[in-house]
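# Observations on chain architecture
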Amino acid sequence: MKGNIAIAEAAVRAGVRLYAGYPITPSSEIMEYLSWRLPEVGGAFVQAESELAGINTVYGGSSCGVRVLTASSGPGISLKQEGISVLSDEELPALVINVVRYGNGLGTLFSSQCDYLRETRGGGNGDYRCIVLCPSSIQEAVDMVSTAYELGEKYRVVVVMMTEGALGQMMEPVTLPDFQEPKRNYWGFDGKYSYKKIGIFDRDSKKEAVELNKKYAEIKANEQRWEEEGIEDADYVFVAYGVPGRSTLGAIRELRAEGHKVGLIRPITAWPFPEKAFEHINKNVKGIITVEANATGQLVDDAALFTKKVLRADIPVYALPFVYGVPPIREIKAKFAQILAGEIKEVY
Amino acid sequence: MKVLVKPERCKECGLCDAFCPKKAISHADHTNLAGYHPIVIDDEKCIGCGICYTTCPDGVFHVLGK
Amino acid sequence: MAVERKVPAIIDNPMSFCPGCGHGIIIRLICECLEELGQNQNIIFPIGVSCSSNLGGGLVTDRLHCPHGRAGAVATGMKRVNPDNIIITYQGDGDAYNIGIAESINAAYRNENITVITVNNTNFGMTGGQMSVTTMEGQKTSTSTHGRDCSITGFPMRFPELVASQFHIAYAARGTVSSPAHINQLKGYIKNAIEAQMNKEGYSVVEVLSPCPINWNLTPIKAMERIDNELISYFPLGEFKQRSVKEA
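Okay, so let's go over this structure. Just so it is clear, the structure is predicted and the values come from calculations on it, not from any experiment.

### Points about the interface of chain C and chain B
- Counting residues at the interface gives 29 residues for chain C, matched by 25 residues for chain B.
- Summed over both partners, the interface of chain C with chain B comes to about 2000 Å²; 60% of that surface belongs to carbon and sulfur atoms.
- Where chain C meets chain B, there are two salt bridges.
- Note that arginine 9 of chain B and aspartate 12 of chain C form a salt bridge whose closest N and O atoms lie 2.8 Å from each other.
- At the boundary of chain C and chain B, one finds eleven residue pairs in polar contact (both at pLDDT 80 or more).
- It is helix H1 (residues 23-36) of chain C that contributes the most residues to the side of chain C that touches chain B, four residues altogether.
- Looking at the side of chain C that touches chain B residue by residue, the class counts come to 16 nonpolar, seven polar and six charged.

Structure follows, in structure tokens:
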């Protein structure tokens with residue numbers, strides 16, 4: 001199945017009963033599919049007038065306690081930040097899928113990872129975080145949809161699934177999850193004021209902020225997810241997520257076969273960042289290398305932070321920013337050779 | 001008495017006084033906690049028509065209806 | 001002939017509106033209608049950002065503060081998943097017609113089965129009385145200090161007329177709170193709007209000309225007089241789209 005469509009069907013099976021959004025390449029197949037599929041299962045589909053309206057319609061649906069979804073890509077997700085911030089403030093869960101495409105402003109249609117920093121830092125105004133999931137295959141994405149709602153409802157946070165243009169558009173065999181009975185969360189409005197809330201001017205924002213931060217600390221402690229391979233004895237550890245995480249896995253396996261002691265940490269949660277994975281890295285590691293589909297190197301900030309925190313401050317951290325697309329294995333290997341040759345300098 | 005009042009809610013806007021057909025509403029010399037001179041109803045003049053209730057933005061009045 | 005008149009329990013709270021503000025009357029009327037229609041335990045209010053936000057502390061009902069201007073979209077989401085609840089947006093003119101014009105227009109365009117109450121006080125009250133799209137020509141506000149120049153800022157917008165003439169909606173009206181008679185007329189409009197929603201007829205909107213004594217720099221009485229003398233001639237009262245009675 002095509003990635004976007006498999007994800008959309010997984011959402012239906014996870015009990016999503018409201019989608020609202022606005023078309024944008026490379027995410028549009030999600031809404032196209034749901035436009036006819038959701039009504040089939042008694043759900044609601046709203047083609048909104050803008051991404052702002054889309055996320056705010058989702059906000060209204062989430063306030064009534066149902067599972068809600070919106071999807072978009074870079075510029076559209078920028079517009080949705082208003083609603084994501086408000087959802088976070090009201091502690092209402094939602095799943096937001098960013099099928100990332102490259103570029104500033106209107107950008108391009110190329111598959112990319114250029115929104116890493118935005119998604120992992122909250123994104124909108126204020127002082128909040130979203131759980132950020134970054135699947136590397138369609139199967140992983142499909143399996144992750146239900147998890148996304150469970151996490152969102154457990155912690156009452158927005159969950160962002162950061163896929164990429166490539167993942168949305170490619171086709172792979174996939175096993176779809178079973179159907180779940182749609183649920184109504186206890187905080188949902190029923191018109192009877194069953195769940196009490198206080199007004200915006202009556203809130204104690206300082207106390208709330210401290211409580212919120214405790215929740216984020218709990219998420220950081222409990223919800224780090226990653227995949228690792230060969231990092232215990234590695235001289236060099238790659239860090240890469242999503243589809244580039246897959247090609248990097250291919251690269252380290254080839255490099256291993258060629259005698260290089262290399263490993264991979266593939267974050268599955270970009271926030272919380274899998275800090276704990278760094279505890280498994282060889283203490284004598286010579287360098288950490290991120291592989292990223294952006295130009296400025298964004299993942300490298302987090303990789304360096306936790307390298308210096310968990311391991312040692314003098315371990316060099318390199319970035320291999322491929323701008324957009326999916327970095328081919330041979331290019332990753334070639335860049336690795338350049339690092340060994342001292343031709344690429346560390347970022348941190 | 002035809003109308004119960006919650007003087008603590010009165011903001012002295014003067015709408016009820018202006019619209020009262022019997023000019024039965026005046027203001028107390030003292031102030032409420034918010035610093036306003038709350039309304040006082042002259043029960044002799046009041047006919048319980050409910051216009052004060054209708055025009056009051058602050059829920060001061062309860063017209064008893066008897 | 002005296003009738004009991006009591007503030008409905010769902011709004012029987014002190015609120016921090018300025019003295020003589022119309023908001024308190026308007027929300028009381030809405031709640032009276034809900035009570036009389038048996039919907040006071042079946043109501044969700046998506047609340048706008050502005051003086052409307054004060055309802056967060058006043059209403060004892062399900063209510064949600066919406067981002068500025070987005071109540072039309074939020075209400076859409078609520079109604080689509082809770083079709084049997086009554087959904088009433090409560091917004092100011094700046095919220096619904098300036099920043100929220102896209103959401104307001106599109107909710108009407110889709111004929112969402114929601115009720116929209118907009119409080120038109122011809123300025124952004126909460127932020128200190130800036131010009132809005134409903135500010136009258138020549139009206140002095142903190143961003144039209146010499147009086148609104150409509151040649152460069154546009155003319156005051158008449159939203160109920162716009163959606164009534166252009167879209168397939170259920171009901172559109174404009175009332176005011178400037179006198180007891182007008183308040184009673186307005187209550188009839190609000191009741192019609194809610195009944196339209198109960199009857200699944202589609203989108204209903206009631207705009208209310210409401211005084212803003214503080215930002216208009218008028219006493220509460222003079223502010224009511226301004227509505228009668230200056231606003232109604234430009235913003236006429238009445239029903240612009242009447243309900244078409246459906247067979248039961």
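### Considering the interface of chain C and chain A
- Contact with chain C, which involves 31 residues of that partner, is made by 34 residues of chain A.
- The tally of links between chain C and chain A comes to two salt bridges.
- Among the salt bridges present, the one from arginine 70 of chain C reaches glutamate 82 of chain A, with a minimum N-O distance of 2.7 Å.
- At the level of secondary structure, the elements contributing two or more residues to the side of chain C that touches chain A comprise strand S1 (43-47), helix H2 (55-58), strand S2 (62-65), helix H3 (71-81) and helix H5 (101-109) of chain C.
- Broken down by element, the side of chain C that touches chain A gets its largest block of residues, seven residues, from H3 of chain C.

### Notes on the pattern of salt bridges
- For the structure shown, the criterion picks out 45 salt bridges over all chains.
- Here arginine 110 of chain C ties to glutamate 49 of chain A by a salt bridge, and the two come within 2.9 Å at their closest N and O atoms. With one member in each of two chains, arginine 110 of chain C in the loop between H5 and strand S4 (115-120) and glutamate 49 of chain A in the loop between strand S2 (44-47) and helix H3 (51-63) form a pair that bridges those chains.
- One salt bridge connects glutamate 227 of chain A with arginine 266 of chain A, and the closest N-O pair in it is separated by 3.1 Å. Here the residue glutamate 227 of chain A occupies a position in strand S7 (residues 226-229), and arginine 266 of chain A occupies one in strand S9 (residues 262-267), the gap between them amounting to 39 residues.
- Take arginine 266 of chain A: its relative accessible area is 4%, and that puts it in the buried class.
- Here the salt bridges share partners, and the residues they tie into one network are Arg28, Glu32, Glu36, Lys187 and Lys191 of chain C.

### Here's the deal with the packing of helix H1 (residues 3-13) of chain A against helix H6 (residues 138-155) of chain A
Residue and element names in this part refer to chain A.
- Relative orientation of the contacting elements H1 and H6 amounts to 20°, with a least axis distance of 8 Å. In terms of axis orientation, H1 runs roughly parallel to H6. The two elements H1 and H6 cross, and the hand of that crossing is right-handed. Contact with H1, carried on its side by Gly3, Ala6, Ile7, Ala10 and Ala11, involves Ile138, Ala141, Val142 and Val145 of H6 and no other residues of that element.

### Some thoughts on the packing of aromatic side chains
All names here are of chain A.
- Scanning the model with the defined rule gives 15 aromatic pairs over all chains in all.
- Each ring, one from tyrosine 216 and one from tryptophan 271, has its centre 5.9 Å from the other, and the planes form 85°; the classification is edge-to-face. With tyrosine 216 in helix H8 (residues 205-222) and tryptophan 271 in strand S10 (residues 269-271), the pair connects residues that are 55 residues apart, well separated along the chain.
- We classify tyrosine 216 as buried; its relative accessible area is 5%.

### Observations regarding the sheet that holds strand S5 (residues 131-133) of chain A
All names here are of chain A.
- Across the sheet, seven strands lie side by side as S2-S1-S3-S4-S6-S5-S10; this open sheet has mixed pairing. Here the strands that pair on one side only, and so sit at the sheet edges, are S2 and S10. Across the sheet, the axes of successive neighbouring strands diverge by a mean angle of 20°, strand direction being ignored.
- Note that S5 and S10 share two bridges and pair antiparallel. By the bridge assignment, valine 132 is partnered in S10 with tryptophan 271.

### Describing unusual backbone geometry
- With an omega dihedral of 5°, the bond running from threonine 25 of chain A to proline 26 of chain A counts as a cis peptide bond.
- That bond from tryptophan 271 of chain A to proline 272 of chain A is cis: its omega, 0°, falls within 30 degrees of zero.
- Its location among the elements puts proline 272 of chain A in the loop between S10 and strand S11 (287-292).
- Unusually for a residue other than glycine, asparagine 111 of chain C sits at a positive phi of about 55°.

### Some remarks on the side chain of serine 178 of chain C
- By the element assignment, serine 178 of chain C lies in the loop between strand S5 (171-176) and helix H8 (180-198).
- On the basis of relative accessible area, serine 178 of chain C is assigned to the buried category, the value being 1%.
- Reaching out from serine 178 of chain C, the side chain makes a polar contact with the side chain of histidine 182 of chain C at a distance of 2.8 Å.
- Among the polar contacts made by the side chain of serine 178 of chain C, one reaches the side chain of aspartate 228 of chain C at a distance of 2.6 Å.
- Once residues within four sequence positions are removed from consideration, serine 178 of chain C is found in contact with Phe19 of chain B together with Met224, Ile227 and Asp228 of chain C.

### Focus: the state of the cysteines
- One pass over the full model with this rule turns up zero disulfides over all chains.
- Between cysteine 64 of chain A, a free cysteine, and cysteine 66 of chain C, which holds the nearest cysteine sulfur, the sulfur-to-sulfur gap is 11 Å.
- A disulfide-free cysteine, cysteine 56 of chain B has its sulfur positioned 6.3 Å from the sulfur of cysteine 13 of chain B, the nearest such atom.

### Notes on the sheet that holds S1 of chain C
All names here are of chain C.
- Taking strand neighbours across the sheet as the criterion, the seven strands line up as S2-S1-S3-S4-S6-S5-S7 in an open arrangement whose pairing is mixed. Two strands in the sheet have a free side with no partner beyond their single neighbour: S2 and strand S7 (238-241). Adjacent strand axes in the sheet meet at a mean angle of 20°, parallel and antiparallel pairs treated alike.
- Alignment of S1 against strand S3 (residues 86-92), held across three bridges, turns out to be parallel. Residue isoleucine 43 lies in a different strand from S3, and its bridge partner there is isoleucine 86.
- On top of the sheet, H1 reaches S1, S3, S4 and strand S6 (204-209); it is set at about 170° to S3, its chief contact.

Conventions used here
Residues numbered from 1 in each chain as written. Chains lettered and ligands numbered in written order. Predicted model: local features only at pLDDT ≥ 70, side-chain atom pairs only at ≥ 80, totals over all residues. Heavy atoms only, no water. Contact = heavy atoms within 4.5 Å. Buried area = accessible area lost by both parts, 1.4 Å probe. Salt bridge = Lys/Arg side-chain N within 4 Å of Asp/Glu carboxyl O. Polar contact = N/O pair within 3.5 Å; in protein donor to acceptor, adjacent residues only side chain to side chain. Helix = DSSP H or I, 4+ residues; strand = E, 2+ residues; numbered from the N terminus. Nonpolar A, V, L, I, M, F, W, Y, C, P; charged D, E, K, R; others polar. Buried < 20%, exposed > 50% of the residue type's maximum accessible area, 1.4 Å probe, protein only. Axes fitted to C-alpha atoms, helices over the stretch in contact; angles between N-to-C directions. Parallel < 35°, antiparallel > 145°, perpendicular 65-115°, else oblique. Left-handed = near helix turned anticlockwise from the far one by under 90°. Phe/Tyr/Trp six-rings, centres within 6.5 Å; stacked < 30°, edge-to-face > 60°. Pairing = 2+ DSSP bridges. Disulfide = S-S within 2.5 Å.

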